[in-house]
Amino acid sequence: MEHSPGFPDWRLIHRYDSLPDLPVLAEVDVLVVGAGAAGVAAATTAAEYGKSTLVIESYGFCGGAAVAGLSGTICGMYLASDRDPAPQQIVFGFTERFRAALARRGGVTGPQRYGKTWTVTHDPLAWSETADDLLQASGARTLFHTRVSGVIMDGDACRGVEITSAAGRSIVLAQRIIDASGDAAVIALAGYPYVFGDQGRIQNPTMFFRLGNVDVPRFLDYWGDDTINPPKVSEAIEAADAAARHALPRKKIWIFPTTHPRELLVNATRLTAHDGRMLNVIDPQDFTEAEILGRRQVREYAAFLRESVPGCEASYVMNTGVQVGVRQTRSIAGVHTLRNDDVLACRKQDDAICKVPWPIELHSGDKPKLHWLLDDYYEVPYLSLVPRQGENLIVAGRCLSAEHEALASARVTAQCFEYGRAAAVACVLSLDSGQPLRALQGRQVRAEMHRLGSAL
């Protein structure tokens, strides 16, 4: 279901040749919208190439889904395998640079088993501090508590944005704009087409939480070394739900030990509207319902863990995400679309900018669907980051052009770091050559990504 929403009331478009009477806050080479994994990688990379760079973020910290949503893991670095008992990392580049920086401040665990693959868990404060340090060292300028409220258009080209903060409204003009909002916010404001999942059906949001005062060794003795729960836990959840002791809609849950000795990170909730329909968190009414239901479900799962899982008897909820974890909203209509069969076939592309070994992890309906890519990976082509309409805009993060199940694999954190770097490299090449982003050869971007350590 493709959307090209015309000019509904929520869109604010200014013409470049008749700018509103607002202060011009900055004129930059590269503007990055959003400071999650993709945005931090993009802004750091663009600034390190010597481009004047500004990144704006609606929260007061970097991190996006990893911190505000408390997703807490860097998924997508390791191969999945039935044969190899040890983690095999295949994604490097900015992803590894960030992981190593986290490790230096004690902010990330070693690899943890996740089904047939591996992941690592990070501390959210250490994540934000690591991002702050990288951005400041690169020379990029950061503005927190700021969001895009309009776009500056010159025909079909986006020349800048209107931003809004508690200080009021102002304008940022930019030669190139990287939409790392996760929601394709700038794309939508500019009126470029996008899709919502599979005919409007998107993945469920979730509310992560951290559980404190856990006897982690006792917990692991019972749970095992796989962060995905064993069958006995699913059976206990089903029994507690059936007996109406707790409302536990999701029967298969993930729990991760963290960098702290008596703490667990829990991914257990499944959020749908009170009437059972899908929640579209672009809509603030649905977003609000997800937040309220999410916190209630957290209390239910925390109570279940205290009653039923050894080591959790004296545990308590330390905090939830600042917001629900959002897996999917808008995806751009790109020059190239990553297809479901590209993922299933582990297809390689000569213009690709990122490897992806992560399974199709689809949270939609009654239970998560996992389709493993064993001992292999696919690659994401450069042009899936480029909208097929408009100029000067590129995306980075989970709003890339991808079919529904393909996105359920391609959306994870390790890959978002690499999309951000690829988008920044493309902006640099575009600025230096005078070519539009759409005219760049993906092989050029790939070669520069490889030179920077992405091991393509």
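Residues numbered from 1 in each chain as written. Predicted model: local features only at pLDDT ≥ 70, side-chain atom pairs only at ≥ 80, totals over all residues. Heavy atoms only, no water.

Here the focus is the sheet that holds strand β15 (residues 264-267). Read from one edge of the open sheet, four strands run β14-β15-β13-β16, paired in antiparallel fashion. If you trace the sheet from one side to the other, it starts and ends with β14 (254-257) and β16 (316-320), each paired once. This sheet shows a mean twist of 30° between the axes of neighbouring strands, independent of strand direction. (Pairing = 2+ DSSP bridges. Helix = DSSP H or I, 4+ residues; strand = E, 2+ residues; numbered from the N terminus. Axes fitted to C-alpha atoms, helices over the stretch in contact; angles between N-to-C directions.)

With that out of the way, let us pick up the sheet that holds strand β7 (residues 117-121). Strand order in this open sheet of three strands is β5-β7-β6, and the pairing throughout is antiparallel. Here the strands that pair on one side only, and so sit at the sheet edges, are β5 (73-74) and β6 (112-114).

Attention now goes to the environment of Val 324. Examined against the element boundaries, Val 324 turns out to sit in the loop between β16 and β17 (330-332). In this structure Val 324 comes out as buried when scored by relative accessible area, which is 0%. For the pair Val 324 and Phe 287, spaced 37 residues apart in the sequence, the C-alpha separation amounts to 8.1 Å. (Buried < 20%, exposed > 50% of the residue type's maximum accessible area, 1.4 Å probe, protein only.)

One pass over the full model with this rule turns up 27 salt bridges. Measuring nitrogen to oxygen at the nearest pair gives 3.5 Å for the salt bridge that ties Glu 129 to Arg 105. Of this pair, Glu 129 sits in helix α3 (residues 124-138) while Arg 105 sits in the loop between α2 (93-104) and β6; the two residues are 24 residues apart in sequence, bridging distant segments of the chain. We classify Arg 105 as partly exposed; its relative accessible area is 36%. In this structure, Asp 342 engages Arg 347 in a salt bridge whose closest nitrogen and oxygen atoms are separated by 2.4 Å. (Salt bridge = Lys/Arg side-chain N within 4 Å of Asp/Glu carboxyl O.)

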